[in-house]
Amino acid sequence: MKILEYPFSGEKIVEQKRRIKKELLQETNTRLKKKIAILGGSTTNDVKQVLELFLLNMGIEPEFYESEYNQYYEDAMFDNNSLMKFRPDIIYIHTTNRNISGFPEPGDTQETIDAMIDMEMSKFTEMWNRLAQVYECPIIQNNFEFPDYRLMGNRDAYDIHGRINYINRLNMSFCEYAQNHNNFYIQDIQYISSLYGLDKWSDPFYWHMYKYAVSVPAIPTLAFNLANIIKSIYGKNKKALVLDLDNTLWGGVIGDDDVDNIIIGQEVSAGQAFSEFQGYLKDLSKIGVLLNIDSKNDEENAIAGLNHRDCTLHPKDFTVIKANWNPKSRNFVEIAEELNILPDSMVFVDDNPAEREIVRAEVLGASVPDIGQPENYIRAIDRSGFFEVTSFSADDLSRNEMYKENIKRAHFQTKFRDYKDYLKSLDMHAVIKPFEPVYLGRIAQLTNKSNQFNLTTKRFNQAEIEQMAQSDEYITLYGKLSDKFGDNGVVSIVIGKIQGQTLHIVLWLMSCRVLKRDMEYAMMDTLVQKAESKGIHEIKGYYYPTAKNKMVQDFYGDQNFICESKDEKGNAIWSYDIDDSYKYKNQVIEVIA
Amino acid sequence: MSREEIYGELNKVFQEIFDDDTLTVNDSTTSSDIEDWDSLEHINLMMAIEEAFGITFNIGEVTTMKNVGEMADKIAEKIK
């Protein structure tokens, strides 16, 4: 919804929140239901209400628990029946510099101040540790914004008695905790309050009137940022950029002006802006964002432009390049198909408002930011929070390569008449084993972001996954697949719950990057082996339809399961009796189990 | 701006904040007349009025206004 996209007006959102919510609830798309506990050190009413709007807009339907005014510590540290019953999926602790127990006095020694830091930190770490232990869910904690005044002026920053110095030290300690604990995320309000403007962010009017530590007009900025972290935890980040060329990656129109006359590089100011933007995009690709081209140009010209000696980005930096005269919306959808990702996980970047309007209108769910002038392109993308990183795995580092390998595989495939011959020629090797600690991060990431090849779409956090991995009541399997073109990493996850002699498959998912490679058969073969060795006679599979997982509605039928029941919504239960006649289905992947 | 014009603007703000197109306010309207007008909504209302009229209230003013009539008086005083 446009009013909720960057750059938004905080005032407008707060004023119109009732109407916006009504409109969002009229949209019929299915949303992920999540329970969010807000533990606040100041008033949080508007934080909750505005956060709800942003989350609804991002496809998450929240239910809230809100602590009483300034009861965050009590709620966290003591037995709390209502929070227990609520069973939060996420806990957000909203404290501010108003909640710091005390600041150094002018005469304090270094030792006294160090001890104060330790005291303050142990208050927070005890709270985080207890919450993690009792509620086993992700915790988001915002760090501290700078104080509203500086007693010593600039000296406040470097004198150990200065409040700025003290807050910086606390914030560094928060970061250290985050570096050493999974499932713990810092919301950096020190940064976002500076972007917003500290004077307006901490307007004391709102504190004295209503005990809002963040001014009401700034709350949408806080809530949008928080919503981005939450959507990232639940795998709703964007994955790819789809970029125009002329006047987006360089100045000028290459078809008219010729390759030597496009504006790029350090010689002219306008060229510098485009160069900086290309550098930013290149950096995004290093954290796993896929870059693609969707341009109205002859392909020859497009490639010539990208080979310009002053371009930072070259053809090899892109996964798919579509330079033709088709409607951009059509190219956009085709790029999604080639990448095997959904169009709503791609961001369209084009200087031309008319092209943006076409993609907005034609491609449901596509993100289309108004990027403004070239010198502001970076901000428009950065502030939108499309690629908020909450987990970072080795896979993210090499994602670009993996997608490119996939496209090579597709080209290679056309050489074979028989599909099985093609699969055999890929020289595939798989490791299929019970969950191992090194992969837990990737496993959690996959369970939270896989939508299409996902039978139950059950989401688990890392703590829950760790528990199942260690429990005798579960059979867990991860599948890793490599082939002659490269390593795909962990691509499939199966979790089965043992009840007597029956195994219930609570989760079965596979990354779409290895569709049609028979990996699902290899997984089933191994699962059946494991089940047999545990004396299991029957496997039950479940399919719960969502807007996105239609491709697996007949998955269990295909695996020779028998359909036991199916309701009018399509929820189905399948079963398979294990006997001696089980035939191994995978013939093309060499498996290490 | 006449008192009528002020009320025209005020009605728009109230309608937006409480999402009710039929809502109108007058001199004697108080928070007890509008179901959703609680102390937390009051701050959103104040912010919206400041926005709409390009004015700011101080803490004392916000806490002493007893009804919409006094609110309109304050607005009239500030936009003079």
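This one's a predicted model, so the numbers in the text were calculated from it and none came from an experiment. (Residues numbered from 1 in each chain as written. Chains lettered and ligands numbered in written order. Predicted model: local features only at pLDDT ≥ 70, side-chain atom pairs only at ≥ 80, totals over all residues.)

### A word on the sheet that holds strand β9 (residues 346-349) of chain A
Residues and elements named next belong to chain A. Going by this rule: Two strands make a pair as long as DSSP finds a minimum of two bridges between them. Secondary structure elements are defined from DSSP: runs of H or I of at least 4 residues count as helices, runs of E of at least 2 residues count as strands, and each element is numbered from the N terminus. An axis is simply a line fitted to the C-alpha atoms; with a helix, the fit covers only the stretch in contact. Between two such axes, the angle follows the N-to-C directions and lies from 0 to 180 degrees.
Ordered by their spatial adjacency, four strands build an open sheet running β8-β7-β6-β9, and the pairing between neighbours is parallel. Of all the strands in the sheet, the pair left with one neighbour each is β8 (320-324) and β9. Strand-to-strand, the axes of this sheet are offset by a mean angle of 15°, without reference to chain direction. Here strand β6 (residues 240-243) runs beside strand β7 (residues 290-296); their pairing, made up of four bridges, is parallel. Note on β7: the bridge partner recorded for Leu-241 is Leu-291.

### Focus: the domain arrangement of chain A
All names here are of chain A. To be explicit about the condition: These domain limits were set by an automatic method or by a database of domain assignments. Two residues form a contact once the distance between their C-beta atoms, set from the backbone, is within 7 Å. Each residue is assigned to one class: nonpolar for Ala, Val, Leu, Ile, Met, Phe, Trp, Tyr, Cys and Pro, charged for Asp, Glu, Lys and Arg, and polar for all the others, Gly among them.
Under the domain assignment, chain A is made up of domain 1 (2-233), domain 2 (240-383) and domain 3 (417-592). Each of domain 1 and domain 3 has a C-alpha centre, and the two are 39 Å apart. Residue-level contacts link eight residues of domain 1 with seven residues of domain 3. Classifying every residue of the side of domain 1 that touches domain 3 by side-chain character gives three nonpolar, four polar and one charged.

### Let's talk about the nonpolar core
All names here are of chain A. We apply this condition: In this usage, the nonpolar core is the set of buried Ala, Val, Leu, Ile, Met, Phe, Trp, Tyr and Cys residues whose C-beta atoms join them within 7 Å. Partly exposed residues are those whose C-beta has more than 12 but fewer than 20 other C-beta atoms within 10 Å; 20 or more makes a residue buried and 12 or fewer makes it exposed, with C-beta atoms placed from the backbone.
One finds Val-50, Ile-91, Tyr-92, Ile-219, Ala-223, Leu-226 and Ile-230 to be the most contacted residues of the largest nonpolar core, which totals 65 residues. Here the element with the most residues in this core is helix α11 (residues 219-233); it accounts for nine residues. Once residues lying within four places of it in the same chain are set aside, the contact partners of Ala-223 are Val-47, Val-50, Leu-51 and Phe-54. Grouped together as the second largest cluster of nonpolar side chains are 45 residues, Phe-435, Val-490, Val-514 and Met-519 included.

### So, the sheet that holds strand β15 (residues 562-566) of chain A
Note: strands within a sheet are paired through backbone hydrogen bonds, in either parallel or antiparallel orientation. Residues and elements named next belong to chain A. Pairing within the open sheet is mixed, and its eight strands lie in the order β15-β16-β14-β13-β12-β11-β10-β17. Both outer strands of the open sheet, β15 and β17 (589-592), are each paired with one neighbouring strand and no more. With strand direction ignored, the average angle separating the axes of adjacent strands in the sheet is 25°. As judged from the four bridges shared by β15 and strand β16 (residues 572-577), these two strands associate in the antiparallel manner.

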